[in-house]
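Chain residues, written in single-letter form:
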Amino acid sequence: MFQYNSFLPGKFDKVEETCSNCGLRYESEPGFFTGAMYVSYALVVAVLITIFTALNILDLYSPILAISLVVVSIVLLVPVFFRYSRVLFLHVFGNVQYDSTLNK
């Protein structure tokens, strides 16, 4: 689905127009993946809640540490959030299903 490696700066967001295996057109309409930003937001909130919960359980909570960990983890995971949010959005709202017989 993506043209380059996840962690190539400036290239992690390049998407193929169609699937080379089945011919599926990824962006079914202009702006289709705009909704993926909501999925990305949900992933970021999940990371934020996980970090705050882990710090509280480990009794290491301090505002500076918590904010620092959240900012660093979110900045490092931007390519991952970008890609997974698009893939999840495509599967949920694009009516796409995985077909294992195409990989044989």
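Computed from a predicted structure; not experimentally measured.

1. Observations regarding the overall build of the protein
Part 1: When you go through the protein residue by residue, the secondary structure sums to three helices and zero strands.
Part 2: Along the protein, from the amino end to the carboxyl end, the secondary structure elements read α-α-α.
Part 3: When the 104 residues of the protein are sorted by exposure, 23% land in the buried category.
Part 4: In the protein, once contacts between residues fewer than 6 apart in sequence are set aside, the share between residues at least 24 apart is 56%.

2. Here we look at the side chain of S40
Part 1: For S40, the location among the structural elements is in helix α1 (residues 36–57).
Part 2: Non-local contacts of S40, meaning those with residues more than four positions away in its chain, are made with F81 and S85.

3. Quick word on the packing of helix α2 (residues 63–76) against helix α3 (residues 78–93)
Part 1: Orientation of α2 relative to α3, taken along the N-to-C sense of each, is 60°, at an axis distance of 4 Å. Taken together, α2 and α3 sit at an angle that is classed as oblique. The residues of α3 that touch α2, namely those facing I74, V75 and L76, are V78, P79 and F81.
Part 2: Counted by class, the contact of α2 with α3 contains six nonpolar, no polar and no charged residues.

4. Concerning the packing of α1 against α2
Part 1: With their axes 10 Å apart at the nearest point, α1 and α2 run at an angle of 145° to one another. Note that α1 runs across α2; the crossing there is right-handed. Side by side, α1 and α2 meet where V44, V47, L48, I51, F52 and L55 of the first sit next to L65, A66, L69, V70, S73 and I74 of the second.
Part 2: In terms of residue class, the contact of α1 with α2 is built from 11 nonpolar, one polar and no charged.

5. Digging into unusual backbone geometry
Part 1: Residue D59 is not a glycine yet carries a positive backbone phi of 55°.
Part 2: As for its placement among the helices and strands, D59 is situated in the loop between α1 and α2.
Part 3: Note on D59: relative accessible area 69%, which makes it exposed.

What counts as what
Residues numbered from 1 in each chain as written. Predicted model: local features only at pLDDT ≥ 70, side-chain atom pairs only at ≥ 80, totals over all residues. Heavy atoms only, no water. Helix = DSSP H or I, 4+ residues; strand = E, 2+ residues; numbered from the N terminus. Buried < 20%, exposed > 50% of the residue type's maximum accessible area, 1.4 Å probe, protein only. Contact = heavy atoms within 4.5 Å. Axes fitted to C-alpha atoms, helices over the stretch in contact; angles between N-to-C directions. Parallel < 35°, antiparallel > 145°, perpendicular 65-115°, else oblique. Nonpolar A, V, L, I, M, F, W, Y, C, P; charged D, E, K, R; others polar. Left-handed = near helix turned anticlockwise from the far one by under 90°.

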